[in-house]
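# What the coordinates show
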Amino acid sequence: MAVTSSSMLLRNFAAAGRVVRATSRIFSTGELIRVLPHTRSLRFISSTRAAHNEEAAAKAAASVADTGAPTIFDKIIAKEIPSDIVYEDEHVLAFRDINPQAPVHVLLIPKLRDGLTMLSKAEPKHVEVLGQLLLASKIVAEKEGILEGYRVVINNGAEACQSVYHLHLHVLGGRQMKWPPG
Ligand code: AMP
């Protein structure tokens, strides 16, 4: 199993407590992965595992993409489950991502989904709320002190790793971003 072999590898490396320069290969989810020197290896393996988790979550969520079923974000809007809200107005709710990918990682959602399960469902009637979301992303960046450099991301569909089918903008910042994204 991919997760098992990755964790075993992490444990073995941690136990060794020294730089490992092996160039052997291991199997993880059926792929061959080159074992790199110690510090890079740990980061590479853990980011590889995270990427697989994201893809798996996105593929699982894709089956409900077009059903219009409620999502976890409906519960957040209704305050039925807790969230760390950083900004709110009549149309937009912004809260911290539960699995942050940067020191600042805030999600912005329209309070009324109105068919916007994903960006590719946008219609002319959504122009106003799309503008409100973008403007709110700037307000959030300002509040979070990252106005000088931040990234706004919308994942659209399983291939882009969308896992929640209620349109949302990711506002990421507080560290140097890389390009191209993964
Ligand atoms: P995406 O993969 O673009 O659909 O993004 C969905 C995001 O929602 C992911 O980054 C998750 O970490 C985040 N997320 C899922 N559930 C929650 C939650 N209860 N509170 C905050 N963020 C969440």
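These lines cover the structure that appears in this document, whether it is placed above or below.

Definitions and limits used
Residues numbered from 1 in each chain as written. Predicted model: local features only at pLDDT ≥ 70, side-chain atom pairs only at ≥ 80, totals over all residues. Heavy atoms only, no water. Helix = DSSP H or I, 4+ residues; strand = E, 2+ residues; numbered from the N terminus. Buried < 20%, exposed > 50% of the residue type's maximum accessible area, 1.4 Å probe, protein only. Contact = heavy atoms within 4.5 Å. Pairing = 2+ DSSP bridges. Axes fitted to C-alpha atoms, helices over the stretch in contact; angles between N-to-C directions.

Here we come to the overall build of the chain. Each helix and strand in the chain was counted, giving four helices and seven strands. Out of the 182 residues belonging to the chain, those deemed buried represent 34%. Look at the contacts in the chain between residues 6 or more apart in sequence, and 53% of them connect residues 24 or more apart.

A separate point is unusual backbone geometry. Trans peptide bonds make up the majority, and among non-glycine residues the majority have a negative phi. Each neighbour pair has its own omega, and for Trp179 with Pro180 the value is 5°, a cis peptide bond. Position of Pro180 relative to the elements: it lies in the segment after β7 (169-173). Unusually for a residue other than glycine, Lys79 sits at a positive phi of about 60°. Assignment of secondary structure puts Lys79 in the loop between α3 (72-77) and β3 (85-88). Positive phi, close to 70°, is recorded for Cys161, a residue that is not glycine. Along the chain, the position of Cys161 falls in the loop between β6 (150-153) and β7. Of the residues examined, Cys161 reaches a relative accessible area of 21% and is grouped as partly exposed.

What follows covers the sheet that holds β3. Strand order in the open sheet formed by five strands is β3-β4-β5-β7-β6, and the pairing between neighbours is antiparallel. Each edge of the sheet is formed by a strand with only one pairing partner; in this case those strands are β3 and β6. Pairs of neighbouring strands in the sheet enclose a mean axial angle of 20°, with direction left out of account. Looking at chain direction, β6 and β7 are connected through four bridges and run antiparallel. The residue bridging Arg151 from the neighbouring strand is Leu172, located in β7. Sitting on the sheet, helix α4 (residues 127-144) touches β3, β4 (92-96), β5 (104-110), β6 and β7, and the angle it makes with β5 is about 155°.

The values are spatial; any link to function lies outside them.
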